[in-house]
Amino acid sequence: MAIEIIMPKLGVDMQEGEIIEWKKQEGDMVNEGDILLEIMSDKTNMELEAEDSGILIKIVRGDGETVPVTEVIGYLGAEGETVETASQVVADPSPSISDAPVTTTEEAETPAAVAPAPATVKRPAGEKVRATPAARKAARDLGIDLDLVPGTGANGRVHKDDVENFKGAAPKATPLAAKIAADKGVDLATITGTGPSGKITKEDVLAAVAPAPAKAAETPAPAKEEKPAKELPEGVEVIKMSAMRKAISKGMVNSYLTAPTFTLNYDIDMTNLMALRKQVLEPIMNKTGLKVTFTDLIGLAVVRTLMKPEHEYLNASLINNAEEIELHRFVNLGIAVGLDAGLVVPVVHGADKMSLSDFVVASKDVIKKAQSGKLKSNEMSGSTFSITNLGMFGTKSFNPIINQPNSAILGVAATVQTPVVVDGVVKIRPIMGLCLTIDHRIVDGMNGAKFMVDLKNLLENPLELLI
């Protein structure tokens, strides 16, 4: 029997995924573990592996299409097999409802009846169980045979909830309700209880078996006139929003509407940092094969400043409906990377334990993956603080939006040759702008200013970065 290939659910919030590219074509032989296609969701690219072997007999959804999770996108099967084979579903007949009279004994006087065990299914021998990857994992973890679990999804597909509900205890019911249900052949699992803590009562069972009242004859509603498609003005084109753009939109709206923010702007004299970069450029290139950038130096300076105990709230997150503050004794630094398709924020994990050369290697690795669309979900999650650099575009100042659930984000602006007064003398110095946006629920202005003063001192006297 043909096996469905479905759009997987990669995260709790994932609702749909975009098919980037099928790696196999119709008619190709596929072995278990082969890469079938590449998909994107929430700005994460993922290669989907085949869970079974067979011929790719049908591609239902093609490259560039956005597909809801758990929807069928293709079929595997035997050579010569057709998709129609896959659509055949064995339906379990519903139990008939008996017309026996209802016992009227008071519930308090009726001995407790045992509620029926969760329903099971009996699939024909050799038939492949349709199940989502999450359902298969849950079944393995709980030691449940998927062959026995009835699926509530399309074509009887088993979802994670089906597995977990199958594991759970039988529905709670009063003794009389359980007896009436048994007499009437009604599955208590199909009834919603209205009693205390959701317990099923006699009235719930009787309501479930009562014939539906006949509907009065209704005058058919007049057919709605279909409105003609809206004509677009000349020169206007409407395109669908990509999965990445949707994820960015959702995240930015959530951050903007959730956190009351303010931004602090500081000027940094880059004279000494530029000199340090020239000194370490060749040694780090010889050691790592990579070129150290100002983003590397600024990023490491941010990490070192965040690790000072007095700045712990700049490296924190609000949790449990903003009722508790999670303080981090480490720094996972997010570095915003702009792509043609949108913005991603790869994360350098454990940056607080890195030397400058270690940080250069780690940051280049995740940035390169971001630019090639090869980031994994764990490489885009877990940041405790983020930086974003628009200096290369000549931006003098901006208000970056916080990458939730971080408490702050640092924006790096352009470095401009600027006349400044040094020891009473006007000199031209390379001045860089830094813009710190802070979540005012966690950090006050004074604390943010103290952080920026320490960061400014470190950037203007950067030898400590090498210690």
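Please read these numbers as outputs of a predicted model, since none were measured by experiment.

## Brief notes about the packing of aromatic side chains
No. 1: Evaluation of the coordinates by the stated rule reveals one aromatic pair.
No. 2: Pairing Phe 385 with Phe 451 gives two aromatic rings, centres 6.0 Å apart and planes at 45°, and the pair type is tilted. Taken as a pair, Phe 385 in strand 16 (residues 385–389) and Phe 451 in helix 10 (residues 445–460) lie far apart in primary sequence, 66 residues in all. The same class applies to Phe 385 as to Phe 451, namely buried.
No. 3: The ring of Phe 294 has Arg 277 sitting right over it, with the charged end atom 5.1 Å from the ring centre.

## A few points about the nonpolar core
No. 1: If you look at the biggest cluster of nonpolar residues, it comprises 46 residues, and the most contacted ones within it are Val 302, Leu 333, Phe 385 and Leu 410.
No. 2: Formed by 18 residues, the second largest nonpolar core is a distinct cluster that contains Met 14, Ile 39, Val 67 and Leu 76.

## What about helix 7 (residues 271–288)?
No. 1: For helix 7, spanning 18 residues, the distance from its first C-alpha to its last is 25 Å, which sits close to the expected 26 Å at 1.5 Å a residue.
No. 2: Within helix 7 the residues assigned to the buried category are Leu 273, Leu 276, Arg 277, Val 280 and Ile 284.
No. 3: Along its buried surface, helix 7 packs onto helix 8 (294–306), helix 9 (356–371) and helix 10.
No. 4: One or two steps after helix 7, the chain reaches Gly 289, where phi turns positive at roughly 75°.

## A short note on the pairing of strand 1 (residues 3–6)
No. 1: The alternating pattern of strand 1 places Ile 3 and Ile 5 and Glu 4 and Ile 6 on opposite faces, both of which are buried.
No. 2: Relative to strand 8 (residues 72–77), strand 1 runs antiparallel, the two sharing four bridges. Directly across from Ile 5, in strand 8, lies its bridge partner Gly 74.

## Some thoughts on the pattern of salt bridges
No. 1: Under the defined criterion, the tally for this structure stands at 14 salt bridges.
No. 2: Here Lys 23 ties to Glu 21 by a salt bridge, and the two come within 3.0 Å at their closest N and O atoms.
No. 3: Look at Lys 23 and you get partly exposed, because its relative accessible area is 34%.
No. 4: Among the salt bridges present, the one from Arg 61 reaches Glu 65, with a minimum N-O distance of 2.7 Å.
No. 5: Under the relative-accessibility criterion, Arg 61 is labelled buried at 18%.
No. 6: When its relative accessible area of 30% is taken as the criterion, Glu 65 is described as partly exposed.
No. 7: What emerges from the salt-bridge pattern is a single network uniting Glu 21, Lys 23 and Glu 38.

## Regarding the sheet that holds strand 6 (residues 54–59)
No. 1: What the four strands build is an open sheet, ordered 1-8-6-3; its pairing is antiparallel. Unpaired on one side and paired on the other, strand 1 and strand 3 (29–30) mark the two borders of the sheet.
No. 2: Sheet topology places strand 6 next to strand 8; four bridges connect them, and they run antiparallel. The partner of Ile 55 across the bridge, within strand 8, is Gly 77.

Quick notes on the rules
Residues numbered from 1 in each chain as written. Predicted model: local features only at pLDDT ≥ 70, side-chain atom pairs only at ≥ 80, totals over all residues. Heavy atoms only, no water. Phe/Tyr/Trp six-rings, centres within 6.5 Å; stacked < 30°, edge-to-face > 60°. Helix = DSSP H or I, 4+ residues; strand = E, 2+ residues; numbered from the N terminus. Buried < 20%, exposed > 50% of the residue type's maximum accessible area, 1.4 Å probe, protein only. Lys NZ or Arg CZ within 6 Å of the ring centre and 35° of its normal. Core = buried A, V, L, I, M, F, W, Y, C linked by side-chain atoms within 4.5 Å. Expected span 1.5 Å × (residues − 1). Contact = heavy atoms within 4.5 Å. Pairing = 2+ DSSP bridges. Salt bridge = Lys/Arg side-chain N within 4 Å of Asp/Glu carboxyl O.

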